[in-house]
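Listed here are the chains, written in short residue letters.
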Amino acid sequence: MAPPRDLASGTEGVLMAVINENVSDSAVYERGVELAYIRNASGREFTTAASNVEPAPDQPKTAASRRDQRSA
């Protein structure tokens, strides 16, 4: 599996979690955002929007991803 890449920073790492985090400052209206937690090569974790994460393009494709392309 290709390591994820954060599109905003270009940083690659290990995807640790994707969570829906409440970012609202109001108790009445809650607003959630999907955040991805990625650990980079130095071991430091950072967050980015889950929509900013993609597989690094220079990695070989797995058998499952090749199979999915044939069915498209």
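Residues numbered from 1 in each chain as written. Predicted model: local features only at pLDDT ≥ 70, side-chain atom pairs only at ≥ 80, totals over all residues. Heavy atoms only, no water.

**Concerning the confidence of the model for the chain**
On average, residues of the chain score 79 in pLDDT, and 75% of them reach the 70 mark or higher. Considering only residues more than four positions removed or in separate chains, one finds that residues 63-67, a stretch of pLDDT under 50, has one contact. (pLDDT = per-residue confidence, 0-100. Contact = heavy atoms within 4.5 Å.)

**Topic: the side chain of T48**
With respect to the helices and strands, the residue T48 is situated in strand β4 (residues 45-49). Among the polar contacts made by the side chain of T48, one reaches the side chain of D6 at a distance of 2.9 Å. If near-sequence neighbours (up to four positions away) are discounted, T48 is found in contact with D6, E34, L35, A36, I38 and V53. (Helix = DSSP H or I, 4+ residues; strand = E, 2+ residues; numbered from the N terminus. Polar contact = N/O pair within 3.5 Å; in protein donor to acceptor, adjacent residues only side chain to side chain.)

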